[in-house]
Each structure stands twice: as C-alpha cells, then as structure tokens.
Amino acid sequence: MADFDDDPLARAIARPPAPSAPPRYLEGLNPAQREAVEAVDGPVLVLAGAGTGKTRVLTTRLAHILATKRAWPGQILCVTFTNKAAREMKERIGHLIGGVVEGMQWLGTFHAIGAKILRRHAELVGLKSNFTILDDDDQERLLKQVIQAANIDDKRWTARHLRALIDRWKNRAQAPSEVPAGESHAFANGKGAEMYAAYQERLKALNAVDFGDLLVLTIQIFKAAPDILADYRRRFVYLLVDEYQDTNVAQYLWLKLLAGERHNICCVGDDDQSIYGWRGAEVDNILRFEKDFPGARIIRLEQNYRSTPHILGAASGLIAANEARLGKTLFTKRGEGEKVTLSGFWDGEEEARSIADDIEAAQRAGEGLSDMAILVRASFQMREFEERFLNLGIPYRVIGGPRFYERQEIRDALAYFRLIVQGDDDLAFERIVNKPKRGIGDVAQQAIHKAARAAGVSLLRASFALIETDEMAAKARSGLRRLVESFARWRANLETQSHTELAAIVLEESGLIEQLQNDRSPEAAGRLENLKELVRSMEEFENLPGFLEHVSLVMAVEQNETDDKVTLMTLHGAKGLEFDRVFLPGWEEGLFPHQRALDESGLAGLEEERRLAYVGITRAKRLAHISYATNRRTHGLWQTAIPSRFVEEIPDAHVERRETDLGAAQTYDGGRWATGMYESSYSSPGWRRAQANAASGRAVNRAPLIEVSAELIATNDPSATLVQRGERVFHDKFGYGRVAQVDGNKLVVDFETSGEKRVIAQFVKRT
DNA sequence: ACCCCCCGAATTTTT
DNA sequence: TTCGGGGGGT
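Residues numbered from 1 in each chain as written. Chains lettered and ligands numbered in written order. Predicted model: local features only at pLDDT ≥ 70, side-chain atom pairs only at ≥ 80, totals over all residues. Heavy atoms only, no water.

Structural notes on the overall build of chain A
Scanning chain A for helices and strands turns up 30 helices and 23 strands. With 767 residues in all, chain A has 52% of them scored as buried. By sequence separation, contacts in chain A at least 24 residues apart represent 74% of the contacts at least 6 residues apart. Carbon together with sulfur atoms contributes 49% to the accessible area of chain A, which is approximately 35,200 Å² in total. (Helix = DSSP H or I, 4+ residues; strand = E, 2+ residues; numbered from the N terminus. Buried < 20%, exposed > 50% of the residue type's maximum accessible area, 1.4 Å probe, protein only. Contact = heavy atoms within 4.5 Å. Areas by Shrake-Rupley, 256 points an atom, 1.4 Å probe, with all protein chains shown as cover.)

Next comes the structure, spelled out in structure tokens:
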C-alpha cells in the first residue's frame, strides 16, 4: 500500500477525481495515447510503434475501465505472450487496485489462461482436470514412440520433423481430420495426419496435453458447448490483447470466439515488430483487423520516447523497404544525437575485439555496462564475444541459454513429482524408472510395457501388479518393488505433508541426491545446488500441483540481475527491451538476413528479417553500432560474405560509415554483389579430417555456396524470372528438381530428393 | 550397463 | 567445430 504514494495512477484511483476535472491518471498522456485509453467500447487496434509507451497505455486503459466502474477486475480478459509481460502488467495493476482484489484472475499468457479454462472442462475432451502439460522434450519422446509403433523408420522420418508439423497444424487449430492432404504427405508418404491422430490418442491415454492443445482443445470446447462459451462471453466484458502481431491462427480464433458479439476487444501491437512468423504468428491477423472487427478504430502511437532522431531515421528508412505493413511514422522530440555507425571488419574475431574495445572505452568514459547490449542474429555468434570478454575480464551476461527447468537433474526431479501427482504420466515413469540405477534394464522395462499394454493401464499401475508375479528377474523385481512402494508412500503423504517437505524426502529417498553426491564430475556440485534451489523455489506455491503448473507454463526462473554487466543476447530475445548503447554485429548476407529465412520463406522471410533488423536498431536509446565481417568461420569452414543488404537500406543521412579498406574479397557489379567461398589452409584437426574424407572419396559436408544479389528478392517483375514451368533445375541445397509453379521470382520446385519446396528463382540454375 | 565411435545437424523460441 | 543421439562392442 506504501506504493500508492509513489504511483500517480494508484493515487488517482484511490481518490476519485472531482466530477468536472479529467481524472488524474490521464495527465501526461499525449493525444494518441489518451485516445487509446479512453476508447474503451467497441473494437480498437492500437498500433504501438517501438518506444511509444505501449505498456503505459495498456495499464492506464485498464485503470480507466476499472475507475469508471465499467467492469470488475475479474471481468477483464487480458492476454500476453510471455510470462514476463504478464508479470509486469500484474505488478502495475496490483498497485492500481491494491488489496481489494488479489489480482486480475484473467490476466496471463494465452497458454496459462487456456490451461485454466481447460482444467475446468477437461472431461469434455476426455481428460482429467489434473492433466500433465508436456514440454517439447516429452513431446518428442512420445512422438518417437508413435512413429516406431507404426513401423516407420524414425531415422528417415524424425520425431522432430513430425513435432514441427504437428505444431504447425495446432498453430492453425487443425484437428487431425482437418490436415490438408498435401501437408500430411510431408511425413512418411502421407502418414502425417495418421501419426497426428495416434499422437493425440496417446496424449489422452497419458492424461496429458501439449502447449498447442491448451488453445486447440479450449476452442474445441467452446465450439462443442455453446453454453460454456456463452458463460465466458458474459464474464469477459473487456478483452485486451498485447503483442497482437504475434498471434497465430489458433489464438486468433480463440479470441474471436471469446470476443463474441460485444466486440469490446482492444488489440495492441506493431506489425513492424512481427518476428515470430516461423513459429506460426500471422502478421495477417493485425493487417486484417478492420475486416475482422467492422467499425474498428485504429489508433497509431507514433511519438517515440526512447531513441534519438538518427536512430529512428535509420530504423524507419530500413523498414520502409517492406511492402506488407500498415505504415507508421515514428517521430521524437529528442535532440539530434549521434548517427548510427557502420563498421566493417576482416573477420568475426576482429569484430569482437573492436566491439569489446569500444565497450571498455565507453565504460572508462562513465557508461554502465548494463546500459550496453550486443544483439546477434544467431546464438553461435555469441561465442566470439564471450571469449573476448573472458579474456579482457569484462563482466557479461548471456540471456537465453539453457533454462533452469530444462536441466537434466531438474527434469529428473520433476518427473518424480509429476508421477506423484499424476500416476498415468508414463513419460515421467520412463524417465525415472531406472534413474538412479536400480537394476531395471531394457529387459525389465520391456516387461513393464508389455504388462501395461496387456492390462490397458499405466506403467506405474502395471508395475504394482508385476512385482507380485515372478515374471521379472529377481534383481529388477526388488528394484522395482522399492520404487513402486516409495511412490505409494509419497502419494499417500501428498495431502498431509507440506509439499516442500515431501519434495525434499523424494529427492533423498529416490537416490537422486546420493547419486550426485557420489558423482565426482565437476558439474555434480552445481547440480546438487540446483536441486536445492528447486525445493526452495517451491516454497512460494501452495501445493505440488500448483508448482508443477507453474513449471510447465513458465520455463524460466526469476533472476534479479542488478549487476553491472554487458548483455549478450539474440535479436529475438531483445524485443521489448531497451539499452542506451546497442551493438549489432554480423550484418552479412546469409547470416542477416539469414539464408534459411530466404530459402524457406522467400520475400516474406526477407521482410521478417528486415523487421528483426528494425527491432534491433530501435532497442537503442542513444547509440547504435552496426557492423559486419568479411570472413566468418561457420561449422569449421571459413566463409566470405558481403555486407547485408540492410546496410544499404539505411538512409545515408543517419549513418556514419567507418568501413576500412577490406573490399578485396568482394566485388560489386551494377547492383549485384558477388561472393565466393574459400577453404582456409588452416591445419586444424577438422581440416585434416575433411581432407582425409575428400581423399577417401567420401562426400565432404560442406556448407552451400552463398550466392546472393542485392536487388533480386524485392522484384515482382515476372520477366526477372528466367526459368519456366516444367523446367529441370538445380538448387545448391535441395539438388535437382522440376519447376511446378512460377510466381514472379518465387518458384515451387518439386525436388527429386526432398519433395516440393518454395524457393527463390535466383537460387536455382537451369540444367 | 557402460563406453566409444560414428554420424548428422547446427536460426530465431514461448509456452 | 561442436554437440548429441544411437549403434555396436565389451
């Protein structure tokens, strides 16, 4: 409550304004922001450019709805993508509505809210309300079983591949029966949909769901039970959606169902910051908003409070090259500032060295390390910087490494907990049945599986029966008996014992702790520490199921980072953040824009990469430094690259070019960059191995030749396309194939080895 | 049950 | 190059 004193919004709400004066919380908003706050009824799309005060608008809008008594906190549905965003909103709202309400019950991520709804109506889709939410590791292991059960070669058709397909279908809310035949064909000669169906069956049997199901199944429920849907529609008087440009089809359908006739929906987003197309986000959702919600108001927030004019100018100039956008013009009242710098380096090492030097110089000049960030396209780029930082002793932090709950020892512990809460969780059982070793090898595990299948029960249940028979070797049987009896005991204590106590006992009695104590490897101590941390982190939860729900939905553990360190992260990870000084290394063709984005998604892929560049530049408050290296080692081979086309797209007025003379490896002929690749003469072990491979006649795993031209992708001129339908072509990556379709410079080619792919015409050669 | 070697893959990542 | 998974040998 003390916070009320520091928070003008909270104060304003606690003390209602005089009738005539506008409420205090509207003070200090610019006209567009104020409009977005006050337009509470009917559909509204707030196009919030980078740094335009989006979060402030969102929270103030909520405050406004509450202060004007249009709805109670529990009648507002407010969805975000990440837990971080949800947490931030909750904190700010918490101040506003104080101790009156615990918090907003329906403020959370799509998945958390989906899970909440699904648990209430689980029986309608054949689940129990204590269902497990699988992470992608479990998901993949389960898929592998499904693939093997169908006698499909799981080398040729990997679980990973199938998972990607199923994710895609679920992102579009497609049930197995709705999978387009062509896409089903993408797996094991048409078995895709069949595998998907089998997987869903297995999930049901395990009383488990995956992330996609949290939305797909709730949509199913809404459609099958109109009374339930009507209930939620009545409850949710106002809907608020953050980062709307990141929604996928399933999320869109889910929102549309919940918005109902009333359409009091407000979506906030920025089409120019849509960078998650590859995981199903549909920019179209935001581009199409007016059609979806007739009479929608579109409000643009264009005044930027973050960056200098040069930074905004650079970013705006770049993003203007995109076709598919609603269009905004950011402006600022801040003073000039410095131009964005552009530097070229001989290789990645030199680039890292120079950036590290700049960081040290800036630090000496009084800048804080935590005000600086290096934003890379791909995480392998981080290594060079880490090495350099370690060398120089510059403190740094990497954001986005392997996360706490993904560590092996944590997963093992969690599998024990899951099995206590939900005995049907066979995946958890398989994980820990012989971990730590208790003599239950392959043979014994096969026997358990067989018994479970025969009786149609879970592995744990089957094990209970099995230890009473003599179908298993004595050693395995006694090991299994001890395990199974432990579970019986733990489960019996679930209700009576505190969950942290229980957890500590489980870790001890299972032997996990002992195993690590006996482990002499250097990592063991850290792992023990992690387990302790795990138990500690359970304290803030009410019970074990509550904790597990948190774990499956929030894969990260909170870390309070107040130390003065340079931040190293990917561009994707940087969205929503800001730094005083930002370094953007690796702006090279093939790396950024990434070759795969171009190969797989053509123009759309290029535009998404460009948005990523835009996100990168707009993270900077005061200084942005772009750089590229002419030579870079990837997968053990040296490759030569040319500067990213994005470099050229930034208006000269906003850039200071510091490129030195390193043009030797590049040529520029009339709008077309040519690149080559050469192998180094390094006498590294890998190089020797490659030579040996070549000598022995084996194919060398060599990266595809990068050949890009600066203008080609943007063209829509059909005459630019040299190949015709039906022609036989060669592609560096996919090999030989026949052109099935020509669309401007985009082709659909039916490749002999890899099937139909969409490729850019300029990447294929006629044969 | 464990170890070693070979092979393949190596953008981005939340939930 | 580096990592992890799987197969095969001990």
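Structure's up, so let's keep going.
Points about the pattern of salt bridges
For the structure shown, the criterion picks out 54 salt bridges. For D580, the salt bridge is made with R622, and the minimal N-O distance between the two is 3.0 Å. Pair noted here: D580 is in strand β13 (residues 579-584) and R622 is in strand β14 (residues 620-634), with a separation of 42 residues, a long-range link. The network of salt bridges with shared partners includes D137, D138, R141, D412, R418, D425, R431 and K435. (Salt bridge = Lys/Arg side-chain N within 4 Å of Asp/Glu carboxyl O.)

Examining the protein's contact with DNA strand B
Residues in contact with DNA strand B amount to 29 residues; listed here are only the nearest, N83, R377, S379, K437 and T570. Close to the protein, within 4 Å, the atoms of DNA strand B belong to sugar or phosphate groups at a rate of 55%. Contact between DNA strand B and H594: a sugar or linking oxygen at 3.3 Å from a side-chain N or O atom of the residue. Between E600 and DNA strand B, the recorded distance is 3.5 Å, taken from a side-chain N or O atom to a base oxygen. (Near = heavy atom within 4 Å. Polar contact = N/O pair within 3.5 Å; in protein donor to acceptor, adjacent residues only side chain to side chain.)

Notes on the environment of A524
Summarising the element assignment, A524 is placed in helix α25 (residues 524-538). Linking A524 and P395, residues 129 residues apart in sequence, is a C-alpha distance of 25 Å.

A look at the sheet that holds strand β2 (residues 76-80)
With respect to topology, six strands assemble into an open sheet ordered β3-β2-β6-β7-β1-β8, the strand pairing being parallel. Since the sheet does not close on itself, it has two edges, and those belong to β3 (107-109) and β8 (297-301), each with one partner. Looking at each pair of strands side by side, their axes are set apart by 15° on average, direction ignored. Direction of pairing for β2 relative to strand β6 (residues 238-241): parallel, over a ladder of four bridges. Across the sheet, the residue bridging to V79 is V241, located in β6. (Pairing = 2+ DSSP bridges. Axes fitted to C-alpha atoms, helices over the stretch in contact; angles between N-to-C directions.)

Quick word on unusual backbone geometry
Note that the residue after K435, namely P436, is joined by a cis bond; omega there is 0°. Look at the link from F592 to P593: it is a cis peptide, with omega at 5°. Tracing the chain through its elements places P593 in the loop between β13 and α28 (595-617). A positive phi angle is found at K69, which is not glycine, with a value near 60°.

Details of the packing of helix α16 (residues 348-364) against helix α17 (residues 382-392)
Contact pair α16 / α17: the axes reach a minimum separation of 9 Å and the direction vectors enclose 50°. Between α16 and α17, the angle is such that the two are oblique. Relative to α17, the crossing made by α16 is right-handed. Of the residues in α17, those in contact with G348, E349, A352, R353, I355, A356, I359 and E360 of α16 are E384, F385, R388, F389 and L392. (Parallel < 35°, antiparallel > 145°, perpendicular 65-115°, else oblique. Left-handed = near helix turned anticlockwise from the far one by under 90°.)

Some remarks on the nonpolar core
In terms of nonpolar packing, the biggest core is built from 48 residues, with F417, L480 and L534 touching the most fellow members. By residue number, the principal contributor to this core is helix α18 (residues 408-421), which donates nine residues. Sequence-distant contacts of F417, defined by excluding residues within four places in its chain, comprise A503, V506, L507, L534, M538, L544 and L548. Membership of the second largest hydrophobic core comes to 47 residues, among which are L45, L214, A259 and C267. (Core = buried A, V, L, I, M, F, W, Y, C linked by side-chain atoms within 4.5 Å.)

Remarks on the pairing of β2
Most of β2 sits inside the fold, with five of its five residues counted as buried. Of the two faces of β2, both are covered, the one formed by I76, C78 and T80 as well as the one formed by L77 and V79. Taken together, the three bridges between β2 and β3 define a ladder with parallel strand orientation. Bridge pairing in β3 places C78 opposite L107.

Considerations on helix α7 (residues 159-171)
For α7, built from 13 residues, the straight-helix expectation of 18 Å at 1.5 Å per residue is met to within 8% by its first-to-last C-alpha distance of 18 Å. Taken together, the buried positions of α7 are A159, L162, R163, L165, I166, W169, K170 and N171. If you follow the buried residues of α7, they end up packed against α6 (136-149), α8 (181-184), α9 (192-205), α10 (211-224) and α12 (249-259). With its phi angle positive at about 60°, A173 sits one or two positions after the end of α7. (Expected span 1.5 Å × (residues − 1).)

Section: the domain arrangement of chain A
According to the domain assignment, chain A contains domain 1 (28-116 + 217-301), domain 2 (132-206), domain 3 (319-395 + 559-664), domain 4 (409-537) and domain 5 (718-766). Summarising the inter-unit geometry, the C-alpha centres of domain 1 and domain 2 are found 32 Å apart. Taken together, the contacts link eight residues of domain 1 with five residues of domain 2. Between domain 1 and domain 2 lies a buried interface of about 420 Å² when both sides are counted; carbon and sulfur atoms form 61% of it. Sorting the residues of domain 1 by area buried against domain 2 places N248, V249 and A250 first, and these three jointly supply 51% of that buried surface. There are zero salt bridges connecting domain 1 and domain 2. Counting the contacts that link domain 1 with domain 2 gives four residue pairs in polar contact (both at pLDDT 80 or more). Broken down by element, the side of domain 1 that touches domain 2 gets its largest block of residues, three residues, from α12. (Domains from an automatic or database assignment. Buried area = accessible area lost by both parts, 1.4 Å probe.)

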